[in-house]
Amino acid sequence: MSQVRPNLVLASGSPRRLELLARIGVVPDQVISADIDETPRKGEAPRLLAARLAAGKAMAGAALAPGALVLAADTVVGVGRRILGKPGDAEEAARFLNLLSGRRHRVLTGVCLIWPDGRQTVRLVTTILAFQRLTQAQIEDHIASGEWRGVAGGYQIQKRAEMYVRFLSGSHSNVVGLPLFETAQLLRGAGWLRP
């Protein structure tokens, strides 16, 4: 006798995460925008922030959808111990791009799955990237495009910023906002995706 598959809730308002899930044939039964305070704690490392925020979003989603399988993620851009969040304005986005210019940085995504019985699994995925040395004109063009709005680090690799990436080690989908291999593994482990 086959077991009934629980509803899958995506606790994220990110359209990019929804698009990424669709790439692997996953359509959540419900999408909840989990609003939590994303402010880093004093001295918090980028990897710890990504894992904490993913778990926090998943718990917020689970509280709104009891009995569901809840998936949440959070992506953080780190340069050393410095965290580059979502830029508040064009000036901050330009500062981020100047900081990323010609150097390596890390994109870290925490992925959290909360099972209907309350069990919680968190995975942390790191991708290392390096941008070329950006010219002032490239930074100005990027700012003018508006693609920096609402995204960690002020860029979207699936858009124009991809032409600046001279090195990438790890998951490309992680940089977009959801590491698909690890997410699929979590969903298989929960019995939601077929092995």
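A short tour of the structure in this document, coming up.

Helix and strand counts for the chain stand at six helices and seven strands. Along the chain, helices (α) and strands (β) appear in the sequence β-α-β-α-β-β-α-β-β-α-β-α-α when read from the amino end. Taking 16 Å as the expected radius of gyration for a compact globule of 195 residues, we find that the chain reaches 17 Å, a close match to that expectation. Along the longest, intermediate and shortest principal axes, the C-alpha atoms of the chain span 60 × 35 × 25 Å. Counting only residues that meet the buried cut, the chain has 48% of its 195 residues in that class. When contacts within the chain are restricted to residue pairs at least 6 apart in sequence, those whose partners lie at least 24 apart make up 67%. Within the structure as shown, the chain displays about 9,800 Å² of accessible surface, and the carbon and sulfur contribution to it stands at 49%. For the chain, the separation between the mean place of its 25 positive charges and that of its 16 negative charges on side chains is 7 Å.

With that out of the way, let us pick up the side chain of S101. Within the secondary structure, S101 sits in the loop between α3 (90-100) and β5 (104-114). Within the structure, the side chain of S101 is placed 2.7 Å from the backbone nitrogen of L134, a separation counted as a polar contact. Once residues lying within four places of it in the same chain are set aside, the contact partners of S101 are Q132, R133 and L134.

Here we take up the nonpolar core. Judged by nonpolar contacts, the single largest core of 42 residues is most densely connected at L69, L113, Y155 and L187. At six residues, α3 tops the list of elements feeding residues into this core. V9, A11, A72 and I114 belong to the second-largest nonpolar core, a separate cluster that totals 13 residues.

Let us now look at the environment of G153. For G153, the position within the fold is in the loop between α4 (136-145) and β7 (165-169). G153 gets classed as buried once you look at its relative accessible area, which sits at 0%. Those residues within four positions of G153 in sequence are excluded, and the remaining contacts are V77, L84, G85, F96 and L100.

With that settled, consider the pattern of salt bridges. One pass over the structure, following the stated rule, counts six salt bridges. Between D117 and R119 there is a salt bridge, with the nearest N and O atoms lying 2.9 Å from each other. Judged by its relative accessible area of 53%, D117 falls in the exposed class. Three or more residues joined by partner-sharing salt bridges are found here, namely E38, K57 and D74.

Cut-offs used in this document
Residues numbered from 1 in each chain as written. Predicted model: local features only at pLDDT ≥ 70, side-chain atom pairs only at ≥ 80, totals over all residues. Heavy atoms only, no water. Helix = DSSP H or I, 4+ residues; strand = E, 2+ residues; numbered from the N terminus. Rg over C-alpha atoms; globule rule 2.2 N^0.38 Å. Buried < 20%, exposed > 50% of the residue type's maximum accessible area, 1.4 Å probe, protein only. Contact = heavy atoms within 4.5 Å. Areas by Shrake-Rupley, 256 points an atom, 1.4 Å probe, with all protein chains shown as cover. Lys, Arg positive; Asp, Glu negative; His and termini not counted. Charge placed at Lys NZ, Arg CZ, Asp CG, Glu CD. Polar contact = N/O pair within 3.5 Å; in protein donor to acceptor, adjacent residues only side chain to side chain. Core = buried A, V, L, I, M, F, W, Y, C linked by side-chain atoms within 4.5 Å. Salt bridge = Lys/Arg side-chain N within 4 Å of Asp/Glu carboxyl O.

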